[in-house]
Amino acid sequence: MSKIIRIGTRDSELALYQANRVKSELEKLGHKAKIVAVKSTGDLELDKPLYELGITGIFTRTLDIAMLKGDVDIAVHSLKDVPTVLPKGIVQAAVLERGNVKDTLVYKNNEEFLGARDGVIATSSLRRKAQWLNRYPTHRVEDIRGNVNTRLQKLEDSETWHGAIFAAAGIGRLDLRPEEAVNLDWMVPAPGQGAIMVAAREIDEDILAICSEINHEETEICTTIERTFLNKLEGGCTAPIGALAYIKNEQVVFRVVLLSPDGSKKIETDRVVKLGKHQDLAETIAEFVLERGGKYIMEGLHSEDKKTTVYSTKLLTNDQKDRFTSGITVESNDFIKINSNRIAPRFFKNEIENVVFTSKNAVESVITNYAGSELQFKNIYCVGRKTRRFIKNNIGPVAHFEKSATELAHYLADNLDTKEVTYFSGNLRLDDLPTILEKNNIKINEIEAYQTKFDTKKAPDSVESVLFYSPSGIESFLKENKANAIAFCIGDTTAAEAKKHFSDVRVANLPTVESVIDLVNEHYS
């Protein structure tokens, strides 16, 4: 064939190395070839949508499209990045002899951190993360992205990472393996790891015939077993699945592992069969793994693709709902109803020197009874920025405010000249503020300004997090629901109540609904 074979590749250093390896193999056999680096799919047009062609792989789709358009004749990939189901019209044309299949730990300084409780490892692979946490459950794994050079530089620059995990083949092919590196013999590699794959169009018979000349049969057998296993488990390249097959003494040895993302659950097995009797090996092992709990692990993985559901115990405005980041769905309802009490005029005949509000509800109840101009309040103290703003707009200036009732009580105990306050409260108020003031010999004239009534609803089982804005909201929620979600709380007082029931409690930086939402966004980002 006199035609120059156009080899499509991504333009990263490792991708170009692999493409040049294929080019060299073809030229050894007398074929002419050239490298075509394909950058983007933005200006490529097809007659059919990508989903109809089955184009899915994040690292392969650009080359798939270029090949189907006829811009390149073949495409070169790292086999571990290739989806197990190829697009329509594209087939695996060859697999080159496999390189180093192992994962490699590149560490800083020394390996002593492996025996420490607080080691920190960097990897973007869910498979590597799960296996590492299974072996070192007290360590922390952080995300690292970029090409090999970038990741090595990030490791060097980091002040907290003890090491990072790389594919041995990748750092070896680029001659970048540092002295401070060790292969992880215990870690099961990704299906197809270490192998270079050539893809071509199914209709290009001449190209397929040429590619068959550089195909390495033993590597093809082993990687086909691994990728068939991956396909049967319905796991993509991001699933925590390891699989390695190799041939020794005319026998096929096959080792697999499936883990939960946090490494707490692991199913592993290995089998040895005679070469030639290996056709059903992948299916047999896949069934074995699924029957022994793998099905539940995979179902859990698939469920993680669904949107996160959070539940607010206060009805949110549209602006507040829009504040949540994409991927989070929110439901909201008022779990408590507020009814203002009628407050007798005798309480307001004379000027009140020190007035305390611990909630906006109390302020609203007071101004429902009387206009702000009728109220003779010398010094007003409150809890929360929004309450302070509401008082300022409807009654007058606030002498001092704090984030919580406890902090306000301590402030009053230390700073009041006249040891007497009038406290407008609700029927379900906490004891913190009155108890602290009484201990400091401050007289409390308490006026019940409003009543809180529970309006409990049953939250969906899919809820992962609940937003709370008051202790009474927590009490109302628990009347119909279990405390098995993350509790995001508006302030310390609410959080203190939540900690009596929930194992995971988070507190917003500011006592506002928006701050609680920001805390949720930060957690799920």
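Whatever comes next refers back to the structure up there.
This write-up is about the structure you can find in this document. All values derive from a computational prediction rather than experimental measurement. (Residues numbered from 1 in each chain as written. Predicted model: local features only at pLDDT ≥ 70, side-chain atom pairs only at ≥ 80, totals over all residues. Heavy atoms only, no water.)

Our next topic: the overall build of the protein. Within the protein, the regular secondary structure consists of 17 helices and 24 strands. In terms of overall dimensions, the protein is more spread out than a globule: its C-alpha atoms have a radius of gyration of 32 Å, far above the 24 Å expected for 525 residues. Principal-axis analysis of the C-alpha atoms places the extent of the protein at approximately 105 × 55 × 45 Å. Across the 525 residues of the protein, 47% fall into the buried class. Sequence-distant contacts in the protein: of pairs separated by 6 or more residues, those separated by 24 or more amount to 63%. Accessible surface computed for the protein: about 26600 Å², of which carbon and sulfur atoms make up 43%. Within the protein, the 76 negative side-chain charges are centred at a point lying 3 Å from the centre of the 69 positive side-chain charges. (Helix = DSSP H or I, 4+ residues; strand = E, 2+ residues; numbered from the N terminus. Rg over C-alpha atoms; globule rule 2.2 N^0.38 Å. Buried < 20%, exposed > 50% of the residue type's maximum accessible area, 1.4 Å probe, protein only. Contact = heavy atoms within 4.5 Å. Areas by Shrake-Rupley, 256 points an atom, 1.4 Å probe, with all protein chains shown as cover. Lys, Arg positive; Asp, Glu negative; His and termini not counted. Charge placed at Lys NZ, Arg CZ, Asp CG, Glu CD.)

Bringing the packing of helix α11 (residues 360-369) against helix α12 (residues 385-394) into the picture now. Running from N to C, α11 and α12 point in directions that differ by 15°, and their axes come no closer than 9 Å. Here α11 is positioned roughly parallel relative to α12, judged by the angle of their axes. Where α11 crosses over α12, the handedness of that crossing is left-handed. Across the interface between the two elements, Lys360, Val363, Glu364 and Ile367 from α11 touch Thr387, Phe390, Ile391 and Asn394 from α12. Of the residues assigned to the contact of α11 with α12, the class counts are four nonpolar, two polar and two charged. (Axes fitted to C-alpha atoms, helices over the stretch in contact; angles between N-to-C directions. Parallel < 35°, antiparallel > 145°, perpendicular 65-115°, else oblique. Left-handed = near helix turned anticlockwise from the far one by under 90°. Nonpolar A, V, L, I, M, F, W, Y, C, P; charged D, E, K, R; others polar.)

Two quantities define a packed helix pair, namely the angle between the axes and the distance from one axis to the other. Contact geometry of helix α13 (residues 405-415) with helix α14 (residues 432-439) gives a least axis separation of 8 Å together with a crossing angle of 20°. Taken together, the axis directions place α13 and α14 in an arrangement best described as roughly parallel. Judged by the twist between their axes, the crossing of α13 over α14 is right-handed. Contacts from Ala405, Thr406, Leu408, Ala409, His410, Leu412 and Ala413 of α13 reach α14 at Asp432, Leu433, Ile436 and Leu437. Residues belonging to the contact of α13 with α14 are distributed by class as follows: eight nonpolar, two polar and one charged.

Take the side chain of Thr313 next. Tracing the backbone through its elements, the reader meets Thr313 in the loop between β14 (308-312) and α10 (318-322). Of note is the side chain of Thr313, whose polar atom sits 2.7 Å from the backbone oxygen of Leu467. In contact with Thr313, other than residues within four places in its own chain, are Asn333, Asp334, Phe335, Val466, Leu467, Phe468, Tyr469 and Phe477. (Polar contact = N/O pair within 3.5 Å; in protein donor to acceptor, adjacent residues only side chain to side chain.)

The full count for this structure, using the stated rule, is 23 salt bridges. Here Asp103 makes a salt bridge to Arg128, at a shortest N to O gap of 2.8 Å. You can see Asp103 sitting in strand β5 (residues 103-107) and its partner Arg128 sitting in helix α4 (residues 126-135), a full 25 residues away along the chain. Like Asp103, the residue Arg128 is buried in the burial classification. We note a salt bridge from Arg429 to Glu446, for which the minimum N-O separation is 2.8 Å. Taken together, the residues span a long stretch of sequence, with Arg429 in the loop between β20 (420-426) and α14 and Glu446 in strand β21 (residues 443-454) at a distance of 17 residues. Given a relative accessible area of 27%, Arg429 falls into the partly exposed group. (Salt bridge = Lys/Arg side-chain N within 4 Å of Asp/Glu carboxyl O.)

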